[in-house]
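Chain residues, written in single-letter form:
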Amino acid sequence: QLQLVESGGGLVQPGGSLRLSCTASGFTLANYAIGWFRQAPGKEREGLLCISRSYGSTYLTDSLKGRFTISRDNAKNTVYLQMYSLKPEDTAVYYCAADETDVLRGCSGLTYDYWGQGTQVTVSS
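In what follows, the accompanying structure is described. (Residues numbered from 1 in each chain as written. Predicted model: local features only at pLDDT ≥ 70, side-chain atom pairs only at ≥ 80, totals over all residues. Heavy atoms only, no water.)

1. Quick word on the packing of aromatic side chains
- On inspection of all chains with the given rule, the structure shows six aromatic pairs.
- Ring geometry for Tyr32 and Tyr114: centres 6.2 Å apart, planes at 75°, overall edge-to-face. With Tyr32 in strand β4 (residues 32–39) and Tyr114 in strand β10 (residues 114–115), this pair connects stretches of sequence that are 82 residues apart.
- Judged by its relative accessible area of 6%, Tyr32 falls in the buried class. (Phe/Tyr/Trp six-rings, centres within 6.5 Å; stacked < 30°, edge-to-face > 60°. Helix = DSSP H or I, 4+ residues; strand = E, 2+ residues; numbered from the N terminus. Buried < 20%, exposed > 50% of the residue type's maximum accessible area, 1.4 Å probe, protein only.)

Now the structure itself:
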């Protein structure tokens, strides 16, 4: 079965940093564009960042520029979300999702067919 597993979440103080990991099993991430999303209680799911097969990154939420970055290591079948200067409003369950696509597509018009179960990030003093 195709699976994505997020890890690296936890409790962090405001201003701290976390790196989340998204690791695939049952398929090769090099053939997929990957997006990071989050959902806080009572809010809609929010798209954060996407990374294409050609390593180009796209911010799905402009307000995250300068604090969040996305990267991938195809040899480890893993995509990362690096978060800096965390704020209490960043508290949410964070998800990764995969879309099999052409190497030239980038991050537009994706359907994200495969999703992980999420990892909790709590920012609190």
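Now that the structure has been shown, the text picks up again.
2. Structural notes on the nonpolar core
- Membership of the largest hydrophobic core comes to 28 residues, with the highest contact counts inside it found for Leu4, Ile34, Trp36, Phe68, Leu81, Met83 and Tyr94.
- Broken down by secondary-structure element, the contributors of at least two residues to this core are β3 (18–25), β4, β5 (46–51), β7 (68–73), β8 (78–83), β9 (92–100) and β11 (119–123).
- Membership of the second largest hydrophobic core comes to seven residues, among which are Cys50, Ala97, Leu110 and Tyr112. (Core = buried A, V, L, I, M, F, W, Y, C linked by side-chain atoms within 4.5 Å.)

3. Side note on the state of the cysteines
- For the structure shown, the criterion picks out two disulfides.
- The side chain of Cys22 participates in a disulfide bridge whose partner is Cys96; the two sulfur atoms lie 2.0 Å from each other. With the S-S dihedral at roughly 70°, the linkage between Cys22 and Cys96 falls on the right-handed side. Placement of the pair is Cys22 in strand β3 and Cys96 in strand β9, with a sequence separation of 74 residues.
- A relative accessible area of 0% means that Cys22 is categorised as buried.
- A sulfur-sulfur distance of 2.0 Å marks the disulfide that ties Cys50 to Cys107. Judged by the sign of its S-S torsion, about -80°, the cystine formed by Cys50 and Cys107 is left-handed. Note that Cys50 is positioned in strand β5 and Cys107 in the loop between β9 and β10, a separation of 57 residues in sequence. Each member of the pair, Cys50 together with Cys107, is buried.
- Sequential numbering of the bridged cysteines in the chain gives the disulfide pattern 1-3, 2-4. (Disulfide = S-S within 2.5 Å.)

4. Focus on unusual backbone geometry
- One non-glycine residue, Asn77, lies in positive phi territory at about 55°.
- Along the chain, Asn77 falls in the loop between β7 and β8.
- Overall, the relative accessible area of 15% leaves Asn77 in the buried class.

5. A word on the pattern of salt bridges
- For the structure shown, the criterion picks out four salt bridges.
- Between Asp62 and Lys65 there is a salt bridge, with the nearest N and O atoms lying 3.8 Å from each other.
- Across the pair Asp90 and Arg67 runs a salt bridge whose closest N-O atoms are separated by 2.8 Å. Separated by 23 residues along the polypeptide, Asp90 in the loop between β8 and β9 and Arg67 in the loop between β6 (57–59) and β7 bring together distant segments of the chain. Residues Asp90 and Arg67 agree in their burial class; the two are buried.
- Each of Arg38, Glu46, Arg67 and Asp90 takes part in salt bridges that share partners, so that together they form one network. (Salt bridge = Lys/Arg side-chain N within 4 Å of Asp/Glu carboxyl O.)

6. Concerning the sheet that holds strand β1 (residues 3–7)
- Across the sheet, which stays open at both edges, the four strands sit in the order β1-β3-β8-β7 with antiparallel pairing between neighbours. Lying at the two open borders of the sheet, with one neighbouring strand each, are β1 and β7. If you compare each strand with its neighbour and ignore which way they point, the axes differ by 20° on average.
- Both β1 and β3 contribute to a ladder of five bridges, which runs antiparallel. Note on β3: the bridge partner recorded for Glu6 is Cys22. (Pairing = 2+ DSSP bridges. Axes fitted to C-alpha atoms, helices over the stretch in contact; angles between N-to-C directions.)

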